[in-house]
Amino acid sequence: MGICGRKKSSLIIFFYILISVFVPWPIESCHPVDKTALLDFKKRVTSDPSNLLQTWTLTTDCCKSWEGIACESNGRVVNVSRPGLSSGDDFIIDTSISGTLSPSLSKLSFLELLDLSNLKDLTGPIPPEFGNLSRLIYLILDTNKLSGSIPVTFKNLDQLKKLYLSDNTLSGTIPSSIFENSFSLSELGLSANQFSGPIPSSIGSILSLTKLDMSQNKFSGSIPESIGRLKNLTYVDLSENKLSGKLPNSIGNLSQVVLMYLNQNQLKGKIPSSISGLSSLVFLRLSENKLSGSLPPSIGNLPKIQRLIFENNKLSGKLPATLGHLVTLTDMFFANNLFTGKIPSSFGDLQNLQTLDLSKNKLSGEIPHQLVKLVMLQTLDLSFNPLGLSKIPSWFKKLKVFHLILAKTGIKGKLPSWLASSSLSTLDLSNNGLTGKLPKWIGNMTSLSFLNLSNNAFHSSIPDEFRNLSLLMDLDLQSNKFSGNLKAIFSKNFQDPLGRYNSINLAYNMFNGPLDENSGNEPVMTSIVSLSLSHNPLTGHIPKSLGNLTSLQEIKLAENGLTGEIPTEFGNCKELKTILLSNNKLGGAIPAEVLNLKDLQEFDVSGNRLTGRIPPHKANIPKSAFLGNHGLCGAPLPPCKHT
């Protein structure tokens, strides 16, 4: 070959080198096995309204073009992430996918992350073949409609760090074997399913576990003693199950736990003294159980605790003085137990306390004046205790609380005048022996949003100054001897959007005269849900304007002296569930629009002068609700006579 020939060959070789460097060959990097597996999952999707899988096509590269897919350099898929809820700097996607989980996803043998959470409508079982995903680190399938049980093959997922199956309809027992090899698992979420049976004791093998959520299921049996081995646990939620037995002593070994929820179970016995070992604990909720016995004095050794919620148990004995050592405590909810004795004076040392709820116990004796030191206190509820107060202690005026609840604590006499200068939002002094007039200075309590003076012995009309309670939304004055008209109540001031009534209960008093025809047109009444005026010597017609109260769910006007007809306008109150008009002097027919309100559950017009046929209705209303109206006929009363 000559010199020219050699030059020509060199140029051709150089040209091919250029082509190979600058023009990529159409070779797909996505492994065909993985692509087929993913397309098989897409084939089982019956609805994809937001096109989450739109880019998953046969003619494109799953590693380069498919959204939600990540691959290694060898073309094997390692991440599949198509959650229904996701967000970026300037967007939020909240969508769904309908379909089932394909067993073929188990062929993604290099898969490390599978996130199909929050797709809402994925149904069917979790394929047992998923147990073959030996490299899987994150499995996130929560917030779907998956059913069936957890596959026993999950015992093979020994690399798994996070497993989230919450908010599905999964059921059955938890195979104990799946925890025995879960040495890497740090987060386990099984909440809001229908799992049953015991919590396997093998859970104590997951030594790396930091977060455990098995709440809102049907787990039964005892909390396993082995839970105390989980020394890295920071969050545990076993609430809303059917767990029974005692709290294990080993619970005190969980020194890293910050949040613990064991509420709404059937736990019994004493709170163990080992509870003092929970040295990182900030929030503890044991409410709604059957716990009994005295609180251990060691409970005062929780250095970081902020909230103790023990309400609705059977705890008894004296409150330990050591509770006063919990200087980080912000909220103490001990209501509805059987605690006795005095409130410890050491409670005055709880310098960060914002809520103290000791209601519905058997506490007695003087309220310690040391509580005046609680400068952060916002809510004080000592109601329904046999404290025998006689009067509200004068030092209470130094408290800066917003919510004062002293129902049934033995208070007598008149309302203390220092209340006029308080900043109370809630005042409940019901079920006591208070007497005298409702003072004019009540109008100075302009921060009130909730006022309950029911079941006392007040006797007066409502002063005009009452109109100044422009933030008041809930009023309960039932079972007193209040008299006069209701104008000051029904036409009080308000501060939009606050101060419109939510509920008014004036039953069992001596209010008299007719109801103002415009009562239902008053702006302060537009949002009212419950109105009870029963057992008052009221006269006149039921105002038609009450039919404008479209948020009204219950109206009680029984045992009054009301005349006229039942307003057809009540049919406009589409949310009405309860209508009680018994034992008045009402006449005319029962309006069909009223009896056929869609949500009507309770209806009583007995003991009136109603006439005509009872309109056909769907609500299940007993015969007794119509008795005492001699002119009424038709089901459920005897049929009407044809004339």
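Keep in mind that this is a model prediction, so the values were computed, not measured.

A. Fine view of the overall build of the chain. When helices and strands are tallied, the chain shows five helices and 48 strands. Over its C-alpha trace the chain gives a radius of gyration of 34 Å, far above what one expects of a compact globule, namely 26 Å for 643 residues. The dimensions of the chain, computed from C-alpha atoms along their principal axes, are 125 × 75 × 50 Å. A burial count over the chain gives 52% of its 643 residues as buried. When contacts within the chain are restricted to residue pairs at least 6 apart in sequence, those whose partners lie at least 24 apart make up 53%. A total accessible area of about 28600 Å² is found for the chain, and carbon and sulfur atoms account for 52% of it. Side chains of the chain give 60 positive and 48 negative charges; the mean places of these two sets differ by 5 Å.

B. The nonpolar core, seen in detail. Within the largest apolar cluster, 176 residues are counted, with the highest numbers of intra-cluster contacts made by Phe466, Ile489 and Phe626. Among the elements of the structure, α2 (32–43), β3 (77–81), α3 (177–180), α4 (487–490) and α5 (592–595) are those that each provide at least two residues to this core. The residues contacting Phe466, other than those within four sequence positions of it, are Leu438, Leu451, Leu472, Leu475, Ala488, Ile489, Lys492 and Tyr501.

C. Region of the structure containing the pattern of salt bridges. The tally for this structure, following the rule as stated, stands at twelve salt bridges. With its nearest N and O atoms 3.6 Å apart, the salt bridge here joins Arg82 to Glu67. Within this pair, whereas Arg82 is found in the loop between β3 and β4 (85–87), its partner Glu67 is found in the loop between β1 (45–47) and β2 (69–71), the two being separated by 15 residues in sequence. Note on Glu67: relative accessible area 43%, which makes it partly exposed. One salt bridge connects Asp121 with Lys145, and the closest N-O pair in it is separated by 3.0 Å. Residue Asp121 is located in strand β8 (residues 120–124), and its partner Lys145 is located in strand β10 (residues 145–146); the two are separated by 24 residues in the primary sequence.

D. Examining the sheet that holds strand β18 (residues 242–243) more closely. With parallel pairing, four strands are arranged side by side in an open sheet as β12-β14-β16-β18. With partners counted over all chains shown, the strands left at the sheet margins are β12 (171–172) and β18, one partner each. Pairing of strand β16 (residues 218–221) with β18 involves two bridges; the strand directions are parallel. Counterpart to Ser220 in the pairing with β18 is Lys242.

E. Focus on unusual backbone geometry. Put simply, Asp496 and Pro497 share a cis peptide bond, and its omega is 5°. Note on placement: Pro497 falls in the loop between α4 and β38 (503–505). For Asn118, which is not glycine, the phi torsion reads 60° and is therefore positive.

F. Local environment of the side chain of Thr379. When you line up the elements, Thr379 lands in strand β29 (residues 379–381). Using a relative accessible area of 17% as the deciding quantity, one classes Thr379 as buried. Ignoring sequence-local partners within four residues, the contact set of Thr379 consists of Gln354, Thr355, Leu356, Val401 and His403.

G. Fine view of the state of the cysteines. Within this structure, the stated rule accounts for three disulfides. The residue that forms a disulfide with Cys63 is Cys71, at a sulfur-sulfur distance of 2.1 Å. Because the sign of the S-S torsion sets the handedness, a value of about -90° for the bond joining Cys63 and Cys71 places this disulfide among the left-handed ones. Given the relative accessible area of 24%, Cys71 is considered partly exposed.

Calculation notes
- Residues numbered from 1 in each chain as written.
- Predicted model: local features only at pLDDT ≥ 70, side-chain atom pairs only at ≥ 80, totals over all residues.
- Heavy atoms only, no water.
- Helix = DSSP H or I, 4+ residues; strand = E, 2+ residues; numbered from the N terminus.
- Rg over C-alpha atoms; globule rule 2.2 N^0.38 Å.
- Buried < 20%, exposed > 50% of the residue type's maximum accessible area, 1.4 Å probe, protein only.
- Contact = heavy atoms within 4.5 Å.
- Areas by Shrake-Rupley, 256 points an atom, 1.4 Å probe, with all protein chains shown as cover.
- Lys, Arg positive; Asp, Glu negative; His and termini not counted.
- Charge placed at Lys NZ, Arg CZ, Asp CG, Glu CD.
- Core = buried A, V, L, I, M, F, W, Y, C linked by side-chain atoms within 4.5 Å.
- Salt bridge = Lys/Arg side-chain N within 4 Å of Asp/Glu carboxyl O.
- Pairing = 2+ DSSP bridges.
- Disulfide = S-S within 2.5 Å.

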